[in-house]
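If you want the building blocks of each chain, they are given just below.
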Amino acid sequence: MTTKKTHLPIPIRPPHMKTSDLLNETYSAITINKARSALTILGIVIGIGSVIAMVAIGQGAQNSIQSSIQSIGSNLIIVQPGMQRGAGVQVFSGQGSAQSLKQGDADAILESVSNVQAVAPEVSRRYQVVYKKNNTNTSVVGTTSSYPQVRNVEVETGEFVSDQNVKSSDKVAVIGPTVLTDLFGDDATAANAIGQNIKINKINFKIIGVTKSKGSSGFNNADDIIYVPISAASRFLANIDYISSIYVQANDSGNLTDVQQQITSLLLSRHKIKDSTQADFSTMNQADIVATASSVTGTFTILLSAIAGISLLVGGIGIMNMMLTTVTERTREIGLRKAIGAKRADISKQFLAESVMLTFMGGAIGILLGWLIAEAATIFASISTSVSLFSVILAFGVSTGIGILFGYYPAKRAASLNPIEALRYE
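What you are looking at is a predicted structure, and each value in this text was computed from that prediction instead of being measured.

Thresholds applied
Residues numbered from 1 in each chain as written. Predicted model: local features only at pLDDT ≥ 70, side-chain atom pairs only at ≥ 80, totals over all residues. Heavy atoms only, no water. Helix = DSSP H or I, 4+ residues; strand = E, 2+ residues; numbered from the N terminus. Contact = heavy atoms within 4.5 Å. Axes fitted to C-alpha atoms, helices over the stretch in contact; angles between N-to-C directions. Left-handed = near helix turned anticlockwise from the far one by under 90°. Nonpolar A, V, L, I, M, F, W, Y, C, P; charged D, E, K, R; others polar. Phe/Tyr/Trp six-rings, centres within 6.5 Å; stacked < 30°, edge-to-face > 60°. Buried < 20%, exposed > 50% of the residue type's maximum accessible area, 1.4 Å probe, protein only. pLDDT = per-residue confidence, 0-100. Patch = residues over 30% accessible without salt bridge, like charges linked within 9 Å, V, L, I, M, F, W, Y side chains within 5 Å. Areas by Shrake-Rupley, 256 points an atom, 1.4 Å probe, with all protein chains shown as cover. Salt bridge = Lys/Arg side-chain N within 4 Å of Asp/Glu carboxyl O. Pairing = 2+ DSSP bridges. Expected span 1.5 Å × (residues − 1). Bend = angle between axes of the 7 residues up to and from the residue. Core = buried A, V, L, I, M, F, W, Y, C linked by side-chain atoms within 4.5 Å. Polar contact = N/O pair within 3.5 Å; in protein donor to acceptor, adjacent residues only side chain to side chain. Arc of directions from axis to C-beta.

## Some thoughts on the overall build of the protein
From N to C terminus, the protein includes 14 helices and 10 strands. Partitioning the contacts of the protein with sequence separation of at least 6, the portion at a separation of at least 24 is 79%.

See below:
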């Protein structure tokens, strides 16, 4: 007797959705209603574009300020007159607002403080300057021969103020490129100005040099300055016996703090002040200025980015709203897919992929928009900008994160639909 074998049917499991199928379905779902998809993407585009542009403007401003501070000199310590406000707090009181610094203080710093490369005292005020029929109102700086080294000033034509000029109180002047243009015209050359006499506050000064262009530093225009011997400025122009500020160059950046402390101790002793909180001067080194400026611009950039990030939140809510609407519209389709064997994971992947695709497209366009805004700000508004790789990567990460975050709930809702109830849905 032979036994007939019975073959039981092998259950057929629906295969997992292939990546290519997932991408095709995602593309079809997004393009089936182009207008709605475009409006949803627009929120992400505006958000990402705003963040990229704001970060670029903030970073550009920070770089510009740091560059400007570095351009005023290297390893620099600035001594200003005026009372300090609060224990341990050093503040600027403004040039010429107090009379506590003397030429002797600058000489003592050069002689007594170690690790000092050079010292340049300064008397600075604005005056009306006239050459024939042309005139301008500009800053006139009385200083010494050490000034170019301390403040990174270069002479293009002629020579700078010499020690002999200071000793003799010679009425000589070194002008910046902007002053050259204002007094001698747009076509004037530095060579044409050498030897000419100009009137500063109605007093004749002979031009002996023209400096190289440094451009505006954000605080002042380094090209719109006239340099004269400090003795001539004090005697003939300001008629004062005190100085506006002292610039000290340390021999190494690592010695800035030590030199600053030595200067403070020396001046407290010279001014017969025992309590440092009552000092009639203030000091600040270049590193402190850079750190303070970076902190301010960094905070400003974060604030701008946070404000722009609000539009990203609105865009994310728009993504969720669209996906929830899509789930409702495609309820019967979801039921049919689940009825023929689609798993919850497949349905969830489908809707999550659509959400991520929308935000990814919005992120890509938003990065381009932000870069264009940054470039436009540089070209048309002369605002320094810097689009960093970090901000671009961050934008892509944020856009993808928004897609996952705001697409998760609609995807989960779609995957949890009962297939029978979904098929009955009208």
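## Thoughts on the packing of helix α10 (residues 286-329) against helix α12 (residues 344-380)
At a minimum axis distance of 11 Å, the contact between α10 and α12 shows a crossing angle of 145°. Note that α10 runs across α12; the crossing there is right-handed. Along its contact with α10, which presents I319, M322, M323, T326 and V327, the element α12 presents F351, E354, S355, L358 and T359. The residue makeup of the contact of α10 with α12, split by class, is 6 nonpolar, 3 polar and 1 charged.

## Focus on the packing of aromatic side chains
Applying the stated criterion across every chain, the model contains 5 aromatic pairs. With a centroid separation of 4.2 Å and an interplanar angle of 40°, the aromatic rings of Y131 and F184 are classed as tilted. Highlighted residues: Y131 in strand β2 (residues 116-131) and F184 in helix α6 (residues 177-184), separated in sequence by 53 residues. For the pair Y131 and F184, a shared accessibility class is recorded, and that class is buried.

## A word on the confidence of the model for the protein
Scored by pLDDT, the protein comes out at a mean of 83, with 89% of its residues at no less than 70. Averaged pLDDT values over the elements of the protein bottom out at 66 in helix α14 (residues 419-424) and peak at 97 in strand β5 (residues 172-175). Overall, residues 4-15 carries pLDDT values under 50, and its contacts beyond four positions in sequence, including any with other chains, amount to 1 contact. The model gives residues 85-97 a pLDDT under 50, and that stretch makes 26 contacts with residues more than four places away or in other chains.

## Things to note about the environment of E333
When you line up the elements, E333 lands in helix α11 (residues 331-339). Under the relative-accessibility criterion, E333 is labelled partly exposed at 30%. On a C-alpha basis, the gap between E333 and P419 in space is 9.5 Å, while along the polypeptide they are 86 residues apart.

## Thoughts on a nonpolar patch on the surface
A grouping of L368, W371, L372 and V387 is seen on the molecular surface, where their side chains present a nonpolar patch of about 360 Å² in accessible area. Mapping V387 onto the fold places it in the loop between α12 and α13 (389-415).

## Quick word on the pairing of strand β10 (residues 281-285)
Buried residues dominate β10, accounting for 5 of its 5 residues. Residue alternation in β10 divides its side chains into two sets, F281, T283 and N285 and S282 and M284, and both sets are buried. As judged from the 5 bridges shared by strand β1 (residues 76-81) and β10, these two strands associate in the antiparallel manner. What sits directly across from I77, in β10, is N285.

## Digging into α13
Under the 1.5 Å per step criterion, the end-to-end length of α13 is 37 Å for 27 residues, consistent within 8% with the ideal 39 Å. Of all the bends in α13, the greatest reaches close to 40° and is centred on G407; the proline P410 follows between one and four positions later. Considered for burial, the residues of α13 that qualify are S391, V392, A395, S399, I402, G403, F406, G407, P410, A411, A414 and A415.

## Some points on the nonpolar core
Counting residues in each nonpolar core, the largest one holds 69 residues, and the members touching the most others are I175, I198, I200 and I226. Top element by residues in this core is β2. It accounts for 8 residues. Beyond its immediate chain neighbours, meaning those up to four positions away, I226 contacts V129, T138, S139, V140, V141, A173, V174, I175, V179, I198 and I200. Among the nonpolar cores identified, the runner-up in size contains 26 residues, and I30, I41, M323 and F351 belong to it.

## Focus on the packing of α11 against α12
Helix packing for two helices is described by the angle between their axes and how far apart those axes are. The interhelical angle for the contact between α11 and α12, taken along N-to-C directions, is 145°, at an axis separation of 10 Å. Judged by the twist between their axes, the crossing of α11 over α12 is right-handed. Side by side, α11 and α12 meet where I334, R337 and K338 of the first sit next to R344, I347 and F351 of the second. By residue class, the composition of the contact of α11 with α12 is 3 nonpolar, no polar and 3 charged.

## Some words on the pattern of salt bridges
This structure, assessed with the given rule, holds 5 salt bridges. The salt bridge partner of E329 is R36, with a shortest N-O separation of 3.0 Å. Here E329, found in helix α10, pairs with R36, found in helix α2 (residues 34-71); they are 293 residues apart in sequence, far enough to count as distant. By relative accessible area, which is 51% here, E329 ends up exposed. Using a relative accessible area of 24% as the deciding quantity, one classes R36 as partly exposed.

## Some points on the environment of N192
Position of N192 relative to the elements: it lies in helix α7 (residues 190-193). Residue N192 is classed as partly exposed on the basis of its relative accessible area, which comes to 48%. For the pair formed by N192 and L180, sequence separation is 12 residues and the distance between their alpha carbons is 9.7 Å. A polar atom in the side chain of N192 sits 2.9 Å from the side chain of T189.

## Points about α6
Among all positions in α6, only P177, V179, L180, L183 and F184 are buried. Looking straight down α6, one finds its buried side chains confined to an arc of 160°; they lie on one side. Remark: G185 follows α6 within two positions and exhibits a positive phi of approximately 100°.

## Some details on unusual backbone geometry
The backbone of K132 shows a phi angle near 55°, a positive value even though the residue is not glycine. Its place among the elements puts K132 in the loop between β2 and β3 (134-143). Unusually for a residue other than glycine, N152 sits at a positive phi of about 55°. Examined against the element boundaries, N152 turns out to sit in the loop between α4 (147-151) and β4 (155-158).

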